[in-house]
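# Residue-level structural notes
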Amino acid sequence: MNTTPQFSDDVEAHHERLDIDSRGAVYVVGDVHGSRSALEKLLATLGLTDDDLVVFVGDLVRKGPDSPGVVDLVRGDPRLVSVRGNNEQKIVCGDTDPDWLREGDRAYFESLPVAISFDGALVVHGGVDPERPLESHTVDELLTMRAPHGDGYDGPFWYDGYDGPHRVFFGHTVHDAPVEREHAVGLDTGCVYGGTLTAYDYRNDEFRTTDPTTTHQERADSKIVNPA
Ligand SMILES: [Mn+2]
């Protein structure tokens, strides 16, 4: 399955299609949330070469201790690319104006695509509603999808009902272990809540994860999903 996803014009304007044929290793990484030290540890574990590619599922910033440090790391390395998370979107829309925000940060977040795709893979921050065509989704829906017919963290979650055609890599919903389904791979393992930072090795179909991190924010257990 190698189909380019079809979006509405609004989303397509923020969709980046990547050709990974000439790339080496390809990783997809979960929500970093300003946890620069966890990101540095993960990248050291991956040992990237010049041809490798790392795609982040968004929410690079907010909640953790060093959002600017994470922005600098990702912006400064052409091998690292990210979709926009709802936390970047809040800054783009002016809903929040964090004190760490610097000249150029907002423009950088605005430059981030809402969707990145390659092969049969689709990377978005939130997810997709399994009962509606991809073309009908808005930018906000792709950024915040969690439980389309449920109530937030009570579920049922979108990925429980999704059977393709794309394999969707996502963050946004915190899990105590990565979600691994045929058509959905959930990578937010809560590194800012004392969990881990997770990468998915696309070529080898395996997860790479840091040790549990320092807790920067407390989170109720009811807002951490067990994917089993
Ligand atoms: Mn997040």
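This text gives an overview of the structure that appears in the document. Bear in mind the structure is a predicted one, so any value in this text is a computation, not a measurement.

Reading the values: rules and limits
- Residues numbered from 1 in each chain as written.
- Predicted model: local features only at pLDDT ≥ 70, side-chain atom pairs only at ≥ 80, totals over all residues.
- Pairing = 2+ DSSP bridges.
- Helix = DSSP H or I, 4+ residues; strand = E, 2+ residues; numbered from the N terminus.
- Axes fitted to C-alpha atoms, helices over the stretch in contact; angles between N-to-C directions.
- Buried ≥ 20, exposed ≤ 12 C-beta atoms within 10 Å, placed from the backbone.
- Right-handed = clockwise from strand over helix to strand, strands pointing away.
- Core = buried A, V, L, I, M, F, W, Y, C linked by C-beta atoms within 7 Å.
- Contact = placed C-beta atoms within 7 Å.
- Arc of directions from axis to C-beta.

Moving on, we come to the sheet that holds strand β11 (residues 206-209). Here five strands make up an open sheet; going across it, the order is β4-β3-β2-β10-β11 and the pairing mixed. Strands with a single pairing partner mark the edges of an open sheet, and in this sheet they are β4 (80-82) and β11. Each strand of the sheet is rotated relative to its neighbour by a mean of 25 degrees, with strand direction disregarded.

The strand order across the open sheet formed by six strands is β1-β5-β6-β7-β9-β8, and the pairing between neighbours is mixed. The strands lining the two open edges of the sheet, one partner per strand, are β1 (15-17) and β8 (179-180). Inspection of the sheet shows strand β5 (residues 115-118) paired to strand β6 (residues 121-123) by three bridges, in the antiparallel sense. Each bridged residue has a counterpart across the sheet, and for S117 the counterpart in β6 is L122.

Attention now moves to unusual backbone geometry. The step from G155 to P156 runs through a cis peptide bond, and the omega angle for that step is -5 degrees. Mapping P156 onto the fold places it in the loop between α6 (139-144) and β7 (167-170). A cis amide bond links G164 with the next residue in sequence, P165, at an omega value of 15 degrees. The phi dihedral of D59 is positive, around 55 degrees, even though this residue is not glycine. In this structure D59 comes out as buried when scored by C-beta crowding, with 27 C-beta atoms within 10 Å. At D119, a residue that is not glycine, the phi angle is positive and equals roughly 45 degrees. Position of D119 relative to the elements: it lies in the loop between β5 and β6. C-beta crowding within 10 Å serves as the criterion here: with 17 such atoms nearby, D119 is assigned to the partly exposed category.

Another aspect to go through is the pairing of β7. Along a regular strand, successive side chains alternate from one face of the sheet to the other. Of the strand pairs in this sheet, β6 and β7 are connected by three bridges, and their pairing is parallel. If you follow L122 over to β7, its bridge partner there is V168. Handedness of the β-α-β unit built from β6, α6 and β7 comes out right-handed. Note that β7 and strand β9 (residues 184-186) share three bridges and pair parallel. Its bridge partner lying in β9, F170 is registered against G186.

Before going further, it helps to spend a moment on the nonpolar core. Of all hydrophobic cores here, the largest spans 58 residues; its most connected members are V28, V29, V57, A115, V123, V124 and F169. The residues contacting A115, other than those within four sequence positions of it, are P5, F7, V11, H14, H15, V83, L122, V123, V124 and L142.

Right, let's get into helix α2 (residues 36-46). When we look at burial in α2, the residues that qualify are A38, L39, L42 and L43. Considered in projection along α2, the buried side chains sweep an arc of 130 degrees and stay on one side of the axis. Elements in contact with the buried residues of α2: β2 (26-29), α3 (67-75) and β10 (198-201). Immediately beyond the C-terminal end of α2, within one or two residues, lies G47, with a positive phi of roughly 55 degrees.

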